[in-house]
Each structure stands twice: as C-alpha cells, then as structure tokens.
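# Structural overview
Listed here are the chains, written in short residue letters.
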Amino acid sequence: MPSVFIKTYGCQMNERDSEAVAAQLVAKGYSLAPSEAVADVVLLNTCSVRDFAEQKAINKMRNVIGTARSEKRDQIVGFMGCMAQTRGKELIDKLPDVDLVLGTQKFHRAAEYIDELLAGNGRTKIVDTDAEARSEATVREHLLNGSAKMSVSAFVSIMQGCNQHCTFCIVPSTRGVERSRTIPDIVAECRELVARGVREITLLGQIVTSYGRKEQRGAWQVARDAGDSSLATRHSPLVTPFVQLLDAVHEIDGLERIRFTSPHPKGYGDDLVEAYARLPKLCESAHIPLQSGSDRILKLMHRGYTRGKFLGIIGKLRTAKPDMGVYTDIIVGFPGETEDDFEQTLSLCREVQFDNSYIFKYSPRRDTPAAEMPGQVPQEIREERNERLLNLVNEIAAKKYDTFIGQTVQILVEGPSKKNAARYTGRTRCNRIVLFDGSPRHQGQIMDVKVERTGSFTLYGDPAVVNLID
Ligand code: 5AD
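Residues numbered from 1 in each chain as written. Predicted model: local features only at pLDDT ≥ 70, side-chain atom pairs only at ≥ 80, totals over all residues. Heavy atoms only, no water.

## Section: the nonpolar core
By size, the foremost hydrophobic cluster in this structure holds 59 residues, and its most contacted members are Ile158, Leu203, Leu246 and Phe260. When residues in this core are grouped by element, the largest group, six residues, is from helix 10 (residues 241-250). Residues contacting Phe260, with those up to four places away along its chain left out, are Thr202, Leu203, Val208, Phe242, Leu246, Tyr268, Leu272, Tyr276 and Leu282. With 23 residues, the next largest nonpolar core counts Val4, Val41, Met80 and Tyr113 among its residues. (Core = buried A, V, L, I, M, F, W, Y, C linked by side-chain atoms within 4.5 Å. Buried < 20%, exposed > 50% of the residue type's maximum accessible area, 1.4 Å probe, protein only. Helix = DSSP H or I, 4+ residues; strand = E, 2+ residues; numbered from the N terminus. Contact = heavy atoms within 4.5 Å.)

Here is the structure:
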C-alpha cells in the first residue's frame, strides 16, 4: 500500500485533525512515511490565522512539487485544513500540480479521495470544501502508537467553529459556525482512550467554553414547545454545558488529568472557576487569550470583555487555585493601536505576571473587518512593539520559572525527549515542561520530581527518591 506524509501547521486542533486523518489512512492499509521525500502522498494541513502561516505552507508545497519533479517521482500532493477551506480551488490555480484541496469539514473523506486520486494516476483533481452536517463528530480516530507521547496524553475534539467574530480573526470562515458533539459521544471516545492507556485528555475546540450552548438552547426550545419543563430543570442554567462536559469526563475511572484549549474569557463564569476547585483531575492551568490590555482596542476587536473583567477572572482563578499556571495570547499592532494602548497591554502583563504569553504581530486577514479599519499600524511599529512585549513577558516568565528551583512538582511522564532520548519529558499540572534523566519504566507515570535548575521555558528535575520504586 502507498505511504503518506502529513505536515501540520498551526494549532493543536490542526495537530488533532492530522492525527485523525493519519489514523484513518493507516486503518485503510496506508503506511506513514518518515519524510515527504519518500512518500507516495504528501498532505499539508494548513493554518490561516496569519499570512505568514499561509506563505509557509505554500512555499513548502512549491518545494515538495519541485523536488518530486526533478527526481521524476510520481506523488499525490494536497492541501487540507484552514487555508484549503478559505482558498479552495484558487490553490490549484496557483499551483496546478496540487491534486487535492480538502476543507475543514471533510477530513473524514481523506482516504476515499486519496484512493480515487491514486487510481486516477494524477489525471484527476479533487476540491471539496463544502459544509457537511455533523462533521464535528467525525474527528475521532486516534493514532495512539504513532508516538510514545500519544499513548499517555491525548487530544479530543469536542466542537468545531466559532461564533464570536472577533474583527481580526479568520476562524469563522475557516471553521464555520459553532457545532458541538454530544456529551455521551465525547465521553465514549475518552473512555476508549483511557482503556488504551491514556492518562491525560485535552478537550479541544476553537472556543471550548461555548461548548453545547447552541444545542442546549435548541433542546430547551424543543422541550418548551412540547410543554416539557423537565429538561430545563435537569440542566441548571447556572452550569454551562462545558462544565457539564467537564463533570462527565471527570467521572471516567483511570483518567488522571483533564485540560482544555482554547477558551474565551467570557466563558470563565463562576461555574468554571468553581470547577477548578471542585474537580481534582482538572489541571491548574489556563490559557486565556487576552489579545490586548486596552479597553478601546478590546472593543474594536469585538472581544466582549474589558481589562477590568479580565483581571477579575485571573483574580478569581488564583483565589480558587493559587498555583494556577496562566498563559495568554496577545496581538500587537491591531489597527488603531496607539502607544498608549500598547502601554496598557504592557502594564496588564506586569500586573498579571503570566507564566507565558504568545505574542502575534497583527496580520490583516481577508474578509475580516479589522483588515479594512483605519489606522493600520506600520510594520516597523508592529515589530518594535512585538520586541518590547517579548522582552517583558520573557523577563516575567524567567523569574517565575526560577521560583520553582528547589520545589517538588508532580509530573505526568510523556516519554523520551525529542532532542535527547536519555532525557524524559513530562508536564506539571500547571503545564510546565520538565526534563529529567529517565527510562522507559517512567513513561506514563505520575511522579514527583525536584526542580534543580531552569532553562528556557523548561524545568530540569531529579525524580524524588520515594517515587523511584517500580
Ligand atoms: N493577526 C495576528 N494574530 C492573530 N491571531 C488571530 N488572528 C490574528 C491576526 N489576524 C492570534 C490570536 C489568537 C491566536 C491563535 O492567534 O492571538 O489567540
């Protein structure tokens, strides 16, 4: 059977989609190639969140095609995911050697289409970016043996799409409107993973805190129209469907840790804050996208919260769990951002002391309102603000990391480190990476390590003696 190589750009949702496609192809008898140079089929799973990500994938495709041509190798090549969704056939117009363009609601059709393309000997082209009902429930196959890490920690896709319509963001057009899987369906997938050895599950979606809202409203409507009030009483409106899902996943025996990404600050109601205190398996880690520290910019971004509201959420989370790891995303150089707005972002970072922040230079995306807004910030100012903010967040993060020296932290060991197989890697509950001299017997274990030193966003530890007994 032919071999496939999948290269993934972008977020964890994309990683998860690639894994599901790979698992689907393996189940059909395809093998996974170690590199694009030896693969019969090369798929690039793309990201559209910034122009840079799109250009990277397009350049990669040019390279793949060029090499195959110069070596006179037949290869099926395709784009899938977010850029495939928004650009569709245009990608084939640009790169006529591309055989397949597979949108974000069509991952489950990958094997069928590749079979067809291989049978057509390069004479056919397939572009499928249509919407498909219930596609949110199709990303479910796992490739647990694909890498050592996977068998300990797994991602589960709980929903697709986003209705927030932030003015900078292309996601509503790459992922569509919010559609959620049902709780029993998600729990069944999680149970199966745990039965296969998984100990940590990260629930994934573009806006997980909005999980099930639309469906719940729909169910209430149906029940109300039918004169049935029991549904409304069974699901207290004080507990959001997302927290109901966390409760249901939490009940799975053998599952040790639960995480989720990505949330929206507006989803951090009291029910979610309380869930951290109430559910021991829910790890003390929150990646809450801030985007800007200026109320004026937050409004232009259509984020739906203020600086004060954001600070309030962080305060509540740290009251519930003082060890909470707090991570964020920030955009610099959004249209209209003045030096004063930017300084408010700096001051918020000083106040919150994030454990880490991912900084993005604003990138205009087509068909988004911000791309047309007045006051586009010149590239050199975006660069300059990026550097200033990066210096600040790195300085804060490094200081925070240093406070761990000498402390004992609990980690879940994922497997050997990619760079050095003698080193094992694990994560603390608050999502910091820890490296230590480990061996295969440590894999999958929850153990204590004493932090000896820190590196760049890494803790180096020594297994605490008590846990060395097999
Ligand atoms: N330009 C720059 N960064 C962006 N992000 C989303 N859209 C854009 C854009 N147009 C960032 C946000 C988001 C992260 C995944 O990517 O910070 O949280």
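Now that the structure has been shown, the text picks up again.
## Thoughts on the site of the ligand
Around the ligand sit Val49, Arg50, Phe168, Gln291, Asp329, Ile331, Phe360, Lys361, Tyr362, Ser363 and Arg365, and that is every residue in its neighbourhood. Here a nitrogen atom of the ligand and a backbone polar atom of Phe168 are 3.0 Å apart. Ser363 places a main-chain nitrogen or oxygen 2.8 Å from a nitrogen atom of the ligand. Expressed as a share of its isolated accessible area of 400 Å², the protein-covered part of the ligand is 87%. Only strand 13 (325-332) and strand 14 (356-361) provide two or more residues apiece to the shell around the ligand. A class-by-class count of the residues in the shell around the ligand yields five nonpolar, two polar and four charged. (Near = heavy atom within 4 Å. Polar contact = N/O pair within 3.5 Å; in protein donor to acceptor, adjacent residues only side chain to side chain. Areas by Shrake-Rupley, 256 points an atom, 1.4 Å probe, with all protein chains shown as cover. Nonpolar A, V, L, I, M, F, W, Y, C, P; charged D, E, K, R; others polar.)

## Some words on the sheet that holds strand 4 (residues 76-81)
Pairing is parallel across the open sheet formed by six strands, whose spatial order is 2-1-3-4-5-6. Only two strands of the sheet have a single neighbouring strand rather than two, namely strand 2 (31-32) and strand 6 (126-128). Two strands pair when backbone bridges link them, and strand 1 (residues 3-8) and strand 2 are joined in this way by two bridges, in the parallel orientation. Within strand 2, the position partnered with Val4 by the bridge is Leu32. Those strands touched by helix 2 (residues 51-70) are strand 1, strand 3 (41-46) and strand 4, and its axis lies near 170° from that of strand 4. (Pairing = 2+ DSSP bridges. Axes fitted to C-alpha atoms, helices over the stretch in contact; angles between N-to-C directions.)

## Re the environment of Glu387
Note that Glu387 resides in helix 15 (residues 379-402). Spatially, the C-alpha atom of Glu387 lies 9.9 Å from that of Val332, the residues being 55 residues apart in sequence.

## So, unusual backbone geometry
A cis geometry characterises the amide bond from Thr261 onward to Ser262, with omega recorded as -5°. Here Ser262 lies in the loop between strand 11 (257-261) and helix 11 (270-278). One non-glycine residue with positive phi stands out, namely Asp367, at about 60°. Structurally, Asp367 is set in the loop between strand 14 and helix 15. What makes Asp367 exposed here is its relative accessible area of 76%.

## Concerning the pattern of salt bridges
Tallied over the full model, the rule gives 41 salt bridges. Taking the shortest distance from any N to any O, the salt bridge between Arg109 and Glu132 comes out at 3.1 Å. Linking Arg109 in the loop between strand 5 (100-102) and helix 5 (110-119) with Glu132 in the loop between strand 6 and strand 7 (153-157), this pair joins segments that are 23 residues apart in sequence. Residue Arg109 is classed as partly exposed on the basis of its relative accessible area of 24%. For the salt bridge of Arg429 with Glu284, the shortest nitrogen-to-oxygen distance reads 2.8 Å. On the criterion of sequence distance, the pair formed by Arg429 in the loop between strand 16 (423-428) and strand 17 (433-437) and Glu284 in the loop between helix 11 and strand 12 (285-287) is long-range, its members being 145 residues apart. Residue classification places Arg429 among the buried residues on the basis of a relative accessible area of 18%. For Glu284, a relative accessible area of 13% corresponds to the buried category. (Salt bridge = Lys/Arg side-chain N within 4 Å of Asp/Glu carboxyl O.)

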